[in-house]
Amino acid sequence: MMLIIANVRERWSGFLGAFLAVLVGVALITTTLVIHDSSRPATQPRYAGAAALVLPGQALDRDGSPEDRIPWSPAEAAPIRAALEAVPEVAAVVVDRSFYAQAFRGDRPVTDEGAAEAGHGWDSARTAPYRLVSGRAPSGDREVVVDRALGAAAGSGLTVNITRGRTEFTVVGTVDGPGYYFSEAFAARQQPGVGVFALIADKGASGAAIVSGAQRALGGKGTVLSGDARSALQPQYIDHKRDLGVQLIGAMAVLGLFTTVFVVASMLALSTGMRRREIGLLRTVGAAPGQIRRMILGEAAVVGLLGSVVGCLAGVAAAPLLRDILKGLDVTPPGMEVTVAAWPLLTASAVGVGVSVTGAWAAGRKAAKVAPIEALLDSRPANNGMGRGRWIAALSVLGLGAVLALVTATTGADSRITMALFATMTLIVAAALLAPALVGPAGRLLTAPFRKRGSAAAVLIRGELNANSRRAASLAAPVIAAVGFAVLLSGVVETMRVAYPAGEALKVAGQTIVTPDGTPGNTDEVVAANPVGKAALPTRAFVGEQRTVLDVLGTRDARWSRPGEAVLGRRTASGLGLKQGQSVPVRFADGASVRLKVGRVLPDDPARGDFVVARDLVRAHDPAALTDDIFVPAGSRASAAVPGTARHDALRYALDDYNTDARLTDGLAAMLIVIAVGYSVIAVANSMAMAAHGRRRDYAVMKSAGGTVRQLLAVAAGETALLVVVGAGLGVLVTLPPLAGMASGLSQATSSAVSLHLNGAAITTAITGTLAAAVLAGVMVTGKTLRKSAQPSRR
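Source: prediction; values computed, not measured. (Residues numbered from 1 in each chain as written. Predicted model: local features only at pLDDT ≥ 70, side-chain atom pairs only at ≥ 80, totals over all residues. Heavy atoms only, no water.)

(A) Region of the structure containing the overall build of the protein chain. When helices and strands are tallied, the protein chain shows 20 helices and 23 strands. By the burial criterion, 51% of the 795 residues in the protein chain qualify as buried. Within the protein chain, contacts between residues at least 6 apart in sequence are counted, and of these 81% link residues at least 24 apart. Counting every atom, the protein chain has about 34,500 Å² of accessible surface; 59% of that belongs to carbon and sulfur. (Helix = DSSP H or I, 4+ residues; strand = E, 2+ residues; numbered from the N terminus. Buried < 20%, exposed > 50% of the residue type's maximum accessible area, 1.4 Å probe, protein only. Contact = heavy atoms within 4.5 Å. Areas by Shrake-Rupley, 256 points an atom, 1.4 Å probe, with all protein chains shown as cover.)

(B) Highlighting the sheet that holds strand β4 (residues 90–95). Overall, antiparallel pairing links the 4 strands, which are arranged β4-β13-β1-β14 in an open sheet. What marks the edges here is a single partner per strand, and that holds for β4 and β14 (222–226). Pairs of neighbouring strands in the sheet enclose a mean axial angle of 25 degrees, with direction left out of account. Sheet analysis places β4 next to strand β13 (residues 197–201), joined by 5 bridges and oriented antiparallel. When the bridges of β13 are listed, A92 appears paired with I200. Strand contacts of helix α3 (residues 74–85): β1 (52–56), β4 and β13, with the helix running at about 160 degrees to β4, the strand carrying the most contacts. Lying on the sheet, helix α5 (residues 207–218) is in contact with β1, β4, β13 and β14; it crosses β14 at an angle near 170 degrees. (Pairing = 2+ DSSP bridges. Axes fitted to C-alpha atoms, helices over the stretch in contact; angles between N-to-C directions.)

(C) Focus on helix α8 (residues 289–328). With 40 residues, α8 ought to run about 58 Å at 1.5 Å a step, and its terminal C-alpha atoms sit 54 Å apart, in line with that. Of all the bends found along α8, the most pronounced is centred on A318 and spans about 40 degrees, while P320, a proline, follows it within four residues. (Expected span 1.5 Å × (residues − 1). Bend = angle between axes of the 7 residues up to and from the residue.)

(D) The arrangement of the confidence of the model for the protein chain in detail. Looking at the protein chain, pLDDT values average 82 and 83% of them are 70 or higher. By mean pLDDT, helix α1 (residues 2–10) is the weakest element of the protein chain at 50, and strand β12 (residues 180–182) is the strongest at 97. (pLDDT = per-residue confidence, 0-100.)

(E) Local environment of the environment of T111. Assignment of secondary structure puts T111 in the loop between β6 (108–109) and β7 (119–121). Distance in space between the C-alpha atoms of T111 and G518 is 6.6 Å, their sequence separation being 407 residues.

(F) The arrangement of the environment of T259 in detail. For T259, the location among the structural elements is in helix α6 (residues 236–273). Since its relative accessible area comes to 1%, T259 is described here as buried.

(G) Region of the structure containing a nonpolar patch on the surface. On the surface, L305, V309, V310 and L313 cluster together into a nonpolar patch covering about 360 Å² of accessible area. Examined against the element boundaries, V310 turns out to sit in helix α8. Residue classification places V310 among the partly exposed positions, given a relative accessible area of 35%. (Patch = residues over 30% accessible without salt bridge, like charges linked within 9 Å, V, L, I, M, F, W, Y side chains within 5 Å. Salt bridge = Lys/Arg side-chain N within 4 Å of Asp/Glu carboxyl O.)

(H) Examining the side chain of R615 more closely. Looking at the secondary structure, you find R615 in helix α16 (residues 615–621). Given a relative accessible area of 11%, R615 falls into the buried group. There is a polar contact of 2.8 Å between the side chain of R615 and the backbone oxygen of A535. Once you skip the residues sitting within four places of it in the chain, R615 turns out to touch D524, V527, A535, A536, L537, G554, T555, R556, S561 and T627. (Polar contact = N/O pair within 3.5 Å; in protein donor to acceptor, adjacent residues only side chain to side chain.)

(I) Expanded view of the pairing of strand β21 (residues 611–614). Where strand β17 (residues 548–555) meets β21, 3 bridges bridge the pair, whose relative direction is parallel. For L553, the partnering residue across the bridge sits in β21 and is V612. Relative to β21, strand β18 (residues 565–569) runs antiparallel, the two sharing 2 bridges. For L568, the partnering residue across the bridge sits in β21 and is F611.

(J) Region of the structure containing unusual backbone geometry. A cis amide bond links A128 to the next residue, P129, at an omega of -10 degrees. Checked against the element boundaries, P129 lands in the loop between β7 and β8 (132–135). You will see that E89, though not glycine, has its phi angle at about 75 degrees, which is positive. The residue E89 is located in the loop between α3 and β4 in this model. Look at E89 and you get partly exposed, because its relative accessible area is 32%. A positive phi angle, close to 55 degrees, is found at R547, a residue other than glycine.

Here's what the structure looks like:
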């Protein structure tokens, strides 16, 4: 152990690159884990005054995963409420309802992300609790209590948009919290089903006793949530933001982990290869191969531990910055604050040490094979070319990458980008393994024009690449990763930017689309203004005896809208075990069950829907449902006269629909490119500096043979630039198959011709950045080495 620590201390410059790689990787992983931990669901402020929440049982989706709660009907809820009210120390049982409500000022809706669930019955104000600041509680159907921040005084009139459309209400009071509070009778008509009972405790009551009593009162008919478990109830828009944020930081963590393993492995291989003479000396004095291997792994563990400790500190410091970036992309829950727990730090440290040891494994095996005679030879890595094992591994990984690229063309839309990312990672590894066989031919090709002119530098560069192809491959590896990820991520964004709007425009060609503008959906007022065209009314329903939850669409299309019948897609019918002519019970949002006959089973069609019923049926059982975009066919008049709506042609609709997520997609791609390229630039600079330092004897020989400092610096810069060009070329090549596969898949999905598109600016920036960093590092270390060699020795 002392030998390992001494080696790390004395040869710190050789381990500096691996240390920095681990530091950056662990910092990135720490930051993402801290942010992920900080973004966990928190109890919403409006439930802060509830001792416990009582929810109905949970349904499963078609994949068997727990999803929506099955609302109680009013008849089912009444005895449950009575039983809960009898629980000792419960002061009140509140039926908490949430439905669409949004104020209008003039012809514009008041901006509110949570408008889809902003309406409540007056009793729900007690769950916060929100205090009545002015006025009184609502009692009539046209009375409302609002947040005082809205600026509407008690006694004034207010236009509130609800499911049926804009409605005039009288503000009878204000509270010190968000939301629109209506009379209980009005709220019950908006949302008849009961999904939440909130238990208000007596003063000084025991929360544990209330929970225990509530569970006994339920008798297994629901779930009781208290304390932090109340965070299970989240507004949909917050869940959506959290899901987007989790996907983004997950992609960052995966990319950071892969890049760390890749970079650390290549840098440790380079560092170990440059120590062959030292290792040969240890073999000469009796060190066994196992001892050499353990020494290499031990050094990697020490470097990994040191890098992990510093990386954790850097990651914690960088967490607020990442949080602010995610806030700028609008993918964080409101009010999220960074909190640091122990598990992200321990996990990131374990990853850092594990990655270092894993990355050193191949280098340790190689070092264990060094013969004692190597002590008499140059310390540079031997040019063994491509051994049999490396050829087998390289071709196997290349084959796997090709398969993944093909799968990218056939996989679903949700998995296509992920599959392209994994295919690129695999092909980057394959390119790095094959690099020793490719660097020599590429070097001969690129130096041929200069060699014909009699350039000595070209001859030296060419000879060095041929003599030390593995060292050259290790230097090119980070460039392959940097350019590869830059090409892939920017190419994905550019290809999607062209493909999706074109495909969507083709699907709705000739139609006029009426969309919400500042509201979460279209109201019945908007539907009435556009009596012709598709106006799907979505709801969540529970189908079959097993009550499988799925999306049900209410339609006014005469082909599918038949009373008492449902039209199913083949996949849905097969999953539910239903055939044409069978009947199936369907439980709706109000808790009522209706038996429907399967009128037709048709090929799957996303435009039609997987489970389609009459629109009036959905409206009867889900009074709060909002209508999707309205598609008005050519020849019919589309109206956007109702405030809170907009009218688009097919192309404009497709572009606006894509641009809704384009900002997030662009931001995600930019962050990942910065991470990949920035990380690899650090690795390239360190690798080139290590290589230049390791060749100080070569430079001394060339200088003694008459080479000037300028000539030697030119050789160093030329060799470095050549390796960057080779690495960049391989980086571009490995991304083309996955991108082509993605473009092919998009062509099939959008029914339009989609070609591969690349972002020239992103590629140029990645290549220029790595080139500048590599040349600068190589030239600076070479110049420093030459200056030291020029100084007279002191005795």
